[in-house]
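Each chain, letter by letter, is given below.
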There are 2 protein chains.
Amino acid sequence: MTDLLTLADIEAARDRIAGKVRRTPVLTSDALDAAAGANLFFKCEPLQQVGAFKARGAANAVFALGEAEAARGVATHSSGNHGAALAWAASLRGIPAHIVVPDTVNPAKRANIARYGANIIVCEPTMAAREAAAARVVAETGATMIHPYDDVAVMAGQGTCALELLEQAPGLDLVLAPIGGGGLISGTATAMKALSPATRVVGVEPAGADDALGSLRSGVLIPMDHPATIADGLRASLSERTFAVIRARVDDIVTAPDDATVEAMRALWEALKITVEPSSAVPYAAVRTGAVETRGLKVGIILTGGNADLDALPW
Amino acid sequence: MTDLLTLADIEAARDRIAGKVRRTPVLTSDALDAAAGANLFFKCEPLQQVGAFKARGAANAVFALGEAEAARGVATHSSGNHGAALAWAASLRGIPAHIVVPDTVNPAKRANIARYGANIIVCEPTMAAREAAAARVVAETGATMIHPYDDVAVMAGQGTCALELLEQAPGLDLVLAPIGGGGLISGTATAMKALSPATRVVGVEPAGADDALGSLRSGVLIPMDHPATIADGLRASLSERTFAVIRARVDDIVTAPDDATVEAMRALWEALKITVEPSSAVPYAAVRTGAVETRGLKVGIILTGGNADLDALPW
């Protein structure tokens, strides 16, 4: 068993990436508060570098490398935002990045990767094909593999978002974050339980990609082979490393169906005036359906990314 | 000749509306900077209360009223955002608001007004019909007319946006703001010329609604009868009060055609992840077309509002 992620890891990440990532704003909306009967505090990572919280973990991982290791570059496989984030962080450090993407990646996310001059390698949209392609490029170049979530430096970086939220919206009763591979929820729960133990931390998954819920209930990691959800950032399976943190520190996991996610996404665009991608809208969808009880509570909701395809909006 | 708006008016507005309006973030984008060869600082008023800078002027006007006057309510005619802003400000003070809107108002903006419990009065989409309907409701109720821009308190409130921008992005070479009725550009130019006289202030109009340009060139106020632009927030004509400030303090006026505005709008959504409405995109459109020279400069651009109709995006 690996050691669990610690608050010290997250605080070190915060110091390492200060001035590189943005302190994103927390937005509120009278209309959304009235609809929920709650006070909702939206942490707006769509306004982060590369349009997603993934910039935090990628920057921490890239800048934690030693000089010689860094010079050989970094590599990853990613459905999009982590790939863009790693390309961005590598360009910031002036080192090569090799990004494996499935051939189903949405055009906005692919353009986001290409912008930072990364070497893009296209493969079939299965986890096996992605991992094989990434292993190949690592073997060929000596690059360091930076996994999208199964990496302590990445998990620690994602946790810096919660450190900011704690300062921007103190006294939260509840924090909601989506679960894909579990990097964000791991960092979030670790920061919260250390600094604000009275705050409940609930993860939200698409109903069609609920491996974390199944794993938590059964007590064993159940990988997910055929996710079926519009939330393309949340199709990954947990790793042992993220599952261990979730079991220890996440209070509950709930799900939201895709139709509720699309309605939530649109409601967020209209009320907050930011372009949240489907994965970002999953936690607020659970508020709207009542899958998580928020009435009368102060609720922090992490909006994770804003790279929606403006030619294929789902409403 | 009325006295021109002063910095003292704007500073008093800032103090009066503190804690009611938001200090909106300034966003930057590597991609947009690279495209322009400039450093662009986007002041994000779509993230303001009611989704537009109009909250500033409306709040200042409403909270400047004496108790007895306020109790009789406020009224206005507005193509949308000022109406919503006045409804919001009135609800904040707990007084009635009567809002005259043209029957062509977009649904998102109308819903934005209705949300705050205002009395909505629909009329034909001409300035004459709007003014007549507003005069009628004022006569019937004793409400105070709060004009969308021909009002010193409103102009002063709009200028508070520039005070924040000066703190958030010091040392700007150039500030760009759109011109509709001239309230925002009046407040912006007044604040800038007083506090940062080396900063050029350039107003941008839709090519199909260029009354301010025509008025500035000819030296006399030329009202605009048939504006033809997608930028529904910029179809109004200057007033003598805003024209006087523009003549004295605005360095230049340029225009942008609607096709450039639509492209600029989409580029802003993609790069900044915020939903800017067409009127908001007009100044950045002028950067893209080269109508205003920005190469090598530090440029502040006021993004004015985010109430786009998500069912009728123009691309």
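First, a word on what this report is: a plain description of the structure on this page.

How each quantity is defined
Residues numbered from 1 in each chain as written. Chains lettered and ligands numbered in written order. Predicted model: local features only at pLDDT ≥ 70, side-chain atom pairs only at ≥ 80, totals over all residues. Contact = placed C-beta atoms within 7 Å. Helix = DSSP H or I, 4+ residues; strand = E, 2+ residues; numbered from the N terminus. Nonpolar A, V, L, I, M, F, W, Y, C, P; charged D, E, K, R; others polar. Least-squares fit on C-alpha atoms with pLDDT ≥ 70 in both. Buried ≥ 20, exposed ≤ 12 C-beta atoms within 10 Å, placed from the backbone. Pairing = 2+ DSSP bridges. Right-handed = clockwise from strand over helix to strand, strands pointing away.

Another aspect to go through is the interface of chain A and chain B. Taken together, the contacts link 16 residues of chain A with 16 residues of chain B. Top element by residues in the side of chain A that touches chain B is helix α12 (residues 258-272) of chain A. It accounts for three residues. Here the residues of the side of chain A that touches chain B are counted per class, giving nine nonpolar, three polar and four charged.

Right, let's get into the relation of the copies chain A and chain B. When chain A is brought onto chain B, the operation consists of a screw motion whose angular component is 180° and whose axial shift is 0.0 Å, with 0.0 Å RMSD remaining. In symmetry terms, the pair is related by a two-fold rotation axis. No C-alpha of chain A lies nearer the rotation axis than that of Ile274 of chain A, which sits 2.0 Å from it. A high fraction, 100%, of the interface residues of chain A reappear at the interface in chain B, so the copies pair face to face through one surface.

Let us now look at the pairing of strand β3 (residues 74-77) of chain A. Residues and elements named next belong to chain A. The alternating pattern of β3 places Val74 and Thr76 and Ala75 and His77 on opposite faces, both of which are buried. Pairing analysis gives four bridges linking β3 to strand β4 (residues 97-102), with the strands arranged parallel. In the sheet register, Ala75 faces β4, and the bridge partner there is His98. Bridging between β3 and strand β6 (residues 144-145) involves two bridges; their strand directions are parallel. Bridge pairing in β6 links Val74 to Thr144.

Attention shifts here to the pairing of strand β4 (residues 97-102) of chain B. All names here are of chain B. Most of β4 is tucked away, with six of its six residues classed as buried. The two faces of β4 match: Ala97, Ile99 and Val101 on one face and His98, Val100 and Pro102 on the other face are all buried. Pairing of β4 with strand β5 (residues 119-123) involves five bridges; the strand directions are parallel. Following the sheet pairing, His98 is matched in β5 by Asn119. Following the backbone out of β4, through helix α6 (residues 107-114) and into the adjacent parallel β5, one traces a crossover that is right-handed.

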